[in-house]
Amino acid sequence: MTETLNLDVTLVAESRIHQLDPNNIAFGTIFTDHMLVADCINGEWQTPKILPYGDISYNPALATLHYGQSIFEGMKAFKNDKDEVLMFRPLENFKRFNISAERMCMAQVPEEIFIGGLEELLRIDAAWVPKGEDNSLYLRPFMFASDVYLGVRPSQNYRFMIIMSPAGKYYSTPPKVKVETEFIRAAPGGVGYAKCAGNYAASLYPAKLAQEQGYTQLLWTDALEHKYFEESGTMNVMFVKDGKLVTPNTSTTILKGITRDTLIQLAKSMGIEVEERRVSVEEIIAGIQSGSVTEVFGAGTAVVVSPFAAIGFEGSDYVLPTITDESYSTRLKNALNDIRTGKVADTFGWVWNI
Ligand code: COI
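All values reported here derive from a predicted model rather than from experimental measurement. Residues take numbers from 1 onward in each chain, read along the sequence in its written order. Given that this is a predicted model, residues contribute local features only at a pLDDT of at least 70 and side-chain atom pairs are listed and counted only at 80 or more, while totals for whole chains, interfaces and linings are drawn from all residues.

A few words now on the overall build of the chain. A run of DSSP states H or I qualifies as a helix once it reaches four residues; a run of E qualifies as a strand once it reaches two. Both are numbered from the N-terminal end. Helix and strand counts for the chain stand at 7 helices and 20 strands. Computation of the radius of gyration draws on C-alpha atoms alone. For the globule rule, the value is 2.2 Å times the number of residues to the power 0.38. Computed over the C-alpha atoms, the radius of gyration of the chain is 21 Å, within 12% of the 20 Å expected from 2.2 N^0.38 for a compact globule of 354 residues. Overall, the chain is about 60 × 50 × 35 Å in size when its C-alpha atoms are taken along their principal axes. Our exposure labels follow a C-beta count within 10 Å of each residue's own C-beta, placed from the backbone: buried means 20 or more other C-beta atoms, exposed means 12 or fewer, and partly exposed covers the counts in between. For the chain, the proportion of its 354 residues judged to be buried stands at 43%. Any two residues are considered in contact once their C-beta atoms, placed from the backbone, lie within 7 Å. Within the chain, contacts between residues separated by at least 24 positions form 72% of all contacts whose residues are at least 6 apart in sequence.

Written as structure tokens, this is what we have:
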């Protein structure tokens, strides 16, 4: 528990929770009753406010609208059998948020605002944490430059906010992904490791082209040679080859995924050998053809573990074996879900009871 946060709280007169159907939640479409707003004015954090969820209005010269100093995190909260709310590894998201802030030349957010704000919002909107398989409350802390100024320089003012959105399954069917060999997600020395808005904006056009060809998402390759896998869509990517869990090692071009790290630790605890290293497209395509590569899946907060149906490369589709209960992706996903929903004891210290 983080030290008590000084907060101004204005509660809604009437909750909108009746709008939530836990059996049918479309990702990112419905938001809880409250949000947190904290302003950093000339380096001084002001008292954060919890307000009824709603629109915000801005001056057209708002710096973030023009130059994109904007970062975010994605995290999740769950309910256990006793209806207690559990957050999963929030300190990791807090640390990564400030790493992104540093790279984008933005203010550092204090722990009591980031973590304390999440805790307080979750206490107030606890009823919005849905139960049920694949359900969670998606937490979205974000920050943007709030100077009203058109010159290009780091903003002197920032707004940090947290909104929360009930979530179900991200993909309804296993994605078919295309190996991208023209466009890039990130280059060495760039901002690939930061969770900044521009990384997502830049990915939309190549993803749209792939979607027009019948693919769900992209498998990004390295910027220099297009030979090595980096990430997939908005997720880290993992392969099962010769019974080992293989994943690209993180670098300045790859986001240090918290789900990625969690799955690596879980796999090791299950006795699965893990390799973090460069993984070439050639190795994986040849492995699918020979049968040594049996699974390819995405790992991320929103998707959790998302096995791919097929990989498209140079005009051919390489179909992956059907996932079973014994597949690593199934076992890892179940192990992760059991821990974060409190079904099994958390021996890792990952679960944060609100
Ligand atoms: C997450 O998994 O939290 C992400 O970053 C994906 C999000 C952009 C939908």
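Attention now goes to helix H6 (residues 281-290). Along H6, the residues that are buried comprise Val281, Ile284, Gly287 and Ile288. All buried residues of H6 project into a common sector of 135° when viewed along the axis, lining one side. Exposed side chains of H6 directed beyond 90 degrees from the buried face belong to Glu282, Gln289 and Ser290. Looking one or two places after H6, you find Gly291, whose phi comes out positive at around 95°. To be clear, the arc concerns the directions from the helix axis to the C-beta atoms.

On to the site of the ligand, then. Defining nearness, a residue is near a molecule or strand when the C-beta atom obtained from its backbone falls within 6 Å of it. Around the ligand sit Gly74, Tyr200, Thr234, Gly300, Thr301 and Ala302, and that is every residue in its neighbourhood. Gly is put with the polar residues, along with every residue not named as nonpolar or charged; the nonpolar set is Ala, Val, Leu, Ile, Met, Phe, Trp, Tyr, Cys and Pro, and the charged set is Asp, Glu, Lys and Arg. When grouped by side-chain class, the residues that make up the shell around the ligand number 2 nonpolar, 4 polar and no charged.

It is worth spelling out unusual backbone geometry at this point. Although it is not a glycine, Asp83 sits at a positive phi angle of roughly 65°. Relative to the elements of secondary structure, Asp83 occurs in the loop between strand E6 (75-79) and strand E7 (85-88). Residue Asp134 is not a glycine yet carries a positive backbone phi of 70°. Structurally, Asp134 is set in the loop between helix H3 (111-124) and strand E8 (136-145).

So, about the environment of Cys40. On the secondary structure map, Cys40 appears in strand E2 (residues 34-41). In this structure Cys40 comes out as buried when scored by C-beta crowding, with 22 C-beta atoms within 10 Å. Residues Cys40 and Glu326, 286 residues apart in the sequence, show an inter-C-alpha distance of 49 Å. With residues near it in sequence (within four places) discarded, Cys40 still touches Trp45, Ala107, Asn157, Tyr158 and Phe160.

Next up on the list: the pairing of strand E13 (residues 235-241). Across a regular strand the side chains alternate sides, sitting on one face of the sheet and then on the other. Among the 7 residues of E13, 6 are classified as buried, and the element is accordingly described as predominantly covered. In this sheet, E13 lies alongside strand E12 (residues 229-232) in antiparallel orientation, the contact comprising 2 bridges. Directly across from Ser232, in E13, lies its bridge partner Met235. The antiparallel hairpin formed by E12 and E13 contains 2 residues in its connecting segment, where Gly233 sits at a positive phi of about 55°. Pairing between strands requires that DSSP locate at least two bridges from one strand to the other.

The next point concerns helix H2 (residues 90-103). By this rule, a helix spans an expected 1.5 Å times one less than how many residues it contains. Between its terminal C-alpha atoms H2 stretches 20 Å, which fits the 20 Å expected from 14 residues at 1.5 Å a residue. Inspection of H2 places Pro90, Asn93, Phe94, Arg96, Phe97, Ser100 and Ala101 among the buried residues, and these make up the whole buried set.

The next point concerns the pairing of E7. Along E7, one buried face is formed by Val85 and Met87 and the opposite face, lined by Leu86 and Phe88, is buried too. In this structure, E6 lies alongside E7, joined through 3 bridges in antiparallel fashion. Paired with Lys79 across the two strands is Val85, which belongs to E7. Taking the residues between adjacent antiparallel strands as the criterion, E6 and E7 are bridged by 5 residues, where Asp83 takes a positive phi near 65°. Note: E7 against strand E20 (residues 351-353), 3 bridges, orientation antiparallel. Looking across to E20, one finds that Met87 is bridged to Trp352.

One can find Ser203 in helix H4 (residues 197-212). Residue Ser203 is classed as buried on the basis of its C-beta count, with 21 C-beta atoms lying within 10 Å. Remark: the alpha-carbon pair of Ser203 and Trp350, spanning 147 residues in sequence, is separated by 31 Å.

This brings us to the packing of helix H5 (residues 258-269) against helix H7 (residues 328-340). Axis definition: a line fit to C-alpha positions, over the contact stretch in the case of helices; interaxial angles, taken between N-to-C directions, run 0 to 180 degrees. As a packed pair, H5 and H7 sit with axes 10 Å apart at the nearest point and diverge in direction by 105°. Considering their axes alone, H5 and H7 lie roughly perpendicular with respect to each other. Contacts between H5 and H7 involve Thr262, Leu263, Leu266 and Ala267 from the former and Tyr328, Leu332, Ala335 and Leu336 from the latter. Class assignment for the residues of the contact of H5 with H7 results in 7 nonpolar, 1 polar and no charged. Each angle is binned into one of four classes, with values under 35 degrees roughly parallel, values over 145 roughly antiparallel, values of 65 to 115 roughly perpendicular, and all other values oblique.

On to the packing of H2 against H3, then. The relative placement of two packed helices is expressed as an angle between their axes plus a distance between the axes. It is the contact of H2 with H3, at a shortest axis distance of 10 Å, that shows an interaxial angle of 140°. Classed by the angle they form, the pair H2 and H3 counts as oblique. Considering only the axes of H2 and H3, their crossing is right-handed. Only Glu111, Phe114, Ile115 and Leu118 of H3 make contact with H2, whose side of the interface consists of Pro90, Phe94 and Phe97. A class-by-class count of the residues in the contact of H2 with H3 yields 6 nonpolar, no polar and 1 charged. Two helices crossing with the near one rotated counterclockwise from the far one by less than a right angle form a left-handed crossing, whereas a clockwise rotation gives a right-handed crossing.

All quantities given are derived from atomic positions and should not be read as evidence of function.
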